Amino acid sequence: MNSHNRPYGSYQPRFQGSASPTIKNPSTQVQQGTQFSDRDRLNDMLATEKWLTDGFNVFAREASHQTLHNEVMRILNETHQAARDVFNLMFEKGWYSLHPEQPSQVAKEYQKFQGYESQLPHQSGGMYQPRQF
């Protein structure tokens, strides 16, 4: 829970103009100047966490030793959680906003990707089944 007694990631819809709704919280003001603000630091932290998760994803995929793979996966999960925590904090402070997509566009994309399903390897029960050689 945050200081406003709401779970992280909760939001209040804010509408800027009449055409495009934006999902965000009221923005916490930061002092402008040449020094890093809290918002700048959190932006930097989020970028770093994203960069780390990209690297750990590759590391986990390439690790040939099972114990090493397990440890990298643990670190990868922690890193993803840290990125999520930073995102939630930025969203709570109104420093990260989302723009909802129109339902018709979501349906269009769903249809497009549903057509790709036939191109995937054999599936059984919704789970990928590796080919037997």
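What counts and what doesn't
- Position numbers for residues count from 1 along each chain, tracking the sequence in the order it is written.
- Totals for whole chains, interfaces and linings use all residues, but because this is a predicted model, local features are given only for residues with pLDDT of at least 70 and pairs of side-chain atoms are given and counted only at 80 or more.
- Side-chain numbers here rest on the full set of heavy atoms in the structure, without hydrogens or water.
- The numbering of helices and of strands both runs from the N terminus, where a helix is a DSSP run of H or I of at least 4 residues and a strand a run of E of at least 2.
- Buried means the residue's accessible area, taken with a 1.4 Å probe over protein chains only, is under 20% of the maximum for its type, while exposed means over 50%, and partly exposed covers the values in between.
- Surface accessibility follows the Shrake-Rupley procedure with a 1.4 Å probe radius. Residue values consider only the protein chains on display as shielding.
- Stacked, tilted and edge-to-face are the three classes applied to pairs of Phe, Tyr and Trp rings, where Trp contributes its six-membered ring and a pair requires centres within 6.5 Å; stacked means planes under 30 degrees apart, edge-to-face means over 60, and tilted covers the rest.

(A) Geometry of the overall build of the protein chain. When you go through the protein chain residue by residue, the secondary structure sums to 3 helices and 4 strands. The secondary structure elements of the protein chain, listed N-terminal to C-terminal, are β-β-α-α-α-β-β. Here the protein chain, with 133 residues, has 19% of them falling under the buried criterion. Surface accessibility of the protein chain: about 10500 Å² in total, with carbon and sulfur atoms responsible for 53%.

(B) Representation of the packing of aromatic side chains in the model. The final tally for this structure, using the stated rule, is 2 aromatic pairs. With a centroid separation of 5.9 Å and 25 degrees between ring planes, the pair formed by Phe87 and Phe91 is classed as stacked. Here Phe87 and its partner Phe91 are both found in helix α2 (residues 66–92), 4 residues apart, which amounts to about one turn of the helix. For the pair Phe87 and Phe91, a shared accessibility class is recorded, and that class is buried. Relative to Tyr96, the ring of Phe87 lies with its centre 4.8 Å away and its plane at 80 degrees, an arrangement referred to as edge-to-face.

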